[in-house]
Amino acid sequence: MFRGKIFDKGKPGYMQYFNGLIGCGFIILALLHTAEMSHTCWISYSSAALLAFISLKSNIHLATSRILAGVTTLLMFFYFASFFTVAPGLEDEWYRENKFWEAISQIMAAFCLIPVLSNYTCRLKTEFHIPHHLN
């Protein structure tokens with residue numbers, strides 16, 4: 001009885017607020033990286049923000065959720081790979097270098113995409129609970 005009122009399909013839950021906050025964080029990271037010469041940084045952060053904001057939509061078709069989950073996974077692994085290519089180059093006083101901010105933003109971005117990916121995969125799990133003609 002109590003569970004139905006909190007988790008109604010039309011009402012926003014805590015996870016939606018969290019994904020909205022993650023999307024705003026990605027926009028801030030994209031704006032901070034616009035001054036750099038690398039276009040891949042701000043484009044990847046902007047696309048991560050877009051994925052986070054798309055997850056706020058309540059009705060997404062299952063095929064679209066499947067594609068978005070795949071894109072989110074690829075982007076998350078891109079951030080992890082970028083971090084692990086930057087991390088070995090950090091020296092003893094790594095916290096004073098400019099690469100530190102690049103490495104921290106990449107590892108934070110990778111971990112922040114986990115709740116977004118979780119949202120999409122939870123939508124895919126509803127395929128087994130809701131008949132196909134109701135989606």
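Provided above is the structure to which this section pertains.
Residues numbered from 1 in each chain as written. Predicted model: local features only at pLDDT ≥ 70, side-chain atom pairs only at ≥ 80, totals over all residues. Heavy atoms only, no water.

### A look at the overall build of the protein
Looking only at helices and strands, one finds five helices and zero strands in the protein. Each helix and strand of the protein, placed in order from N terminus to C terminus, yields the pattern α-α-α-α-α. With 135 residues in all, the protein has 33% of them scored as buried. Sequence-distant contacts, at least 24 apart, represent 73% of the contacts inside the protein between residues at least 6 apart. Element-wise, carbon and sulfur atoms account for 70% of the exposed surface of the protein, whose accessible area totals about 9,100 Å². (Helix = DSSP H or I, 4+ residues; strand = E, 2+ residues; numbered from the N terminus. Buried < 20%, exposed > 50% of the residue type's maximum accessible area, 1.4 Å probe, protein only. Contact = heavy atoms within 4.5 Å. Areas by Shrake-Rupley, 256 points an atom, 1.4 Å probe, with all protein chains shown as cover.)

### Focus: the nonpolar core
Judged by nonpolar contacts, the single largest core of 29 residues is most densely connected at F26, Y45, Y79, L113 and Y120. Put simply, the parts of the chain that give this core at least two residues each are α2 (14–32), α3 (39–54), α4 (62–86) and α5 (98–125). Each residue touching Y79, except ones within four places of it in the same chain, is listed here: S44, Y45, A48, Q106, A109, A110 and L113. (Core = buried A, V, L, I, M, F, W, Y, C linked by side-chain atoms within 4.5 Å.)

### Observations concerning the packing of α2 against α3
Contact geometry of α2 with α3 gives a least axis separation of 8 Å together with a crossing angle of 165°. In terms of orientation, α2 lies roughly antiparallel with respect to α3. Read as a crossing pair, α2 and α3 show a hand that is left-handed. Residues N19, G20, I22, G23, C24, F26, I27, L29 and A30 of α2 touch α3, and the partners they reach there are W42, Y45, S46, A48, A49, A52 and F53. Across the contact of α2 with α3, the residue classes tally to twelve nonpolar, four polar and no charged. (Axes fitted to C-alpha atoms, helices over the stretch in contact; angles between N-to-C directions. Parallel < 35°, antiparallel > 145°, perpendicular 65-115°, else oblique. Left-handed = near helix turned anticlockwise from the far one by under 90°. Nonpolar A, V, L, I, M, F, W, Y, C, P; charged D, E, K, R; others polar.)

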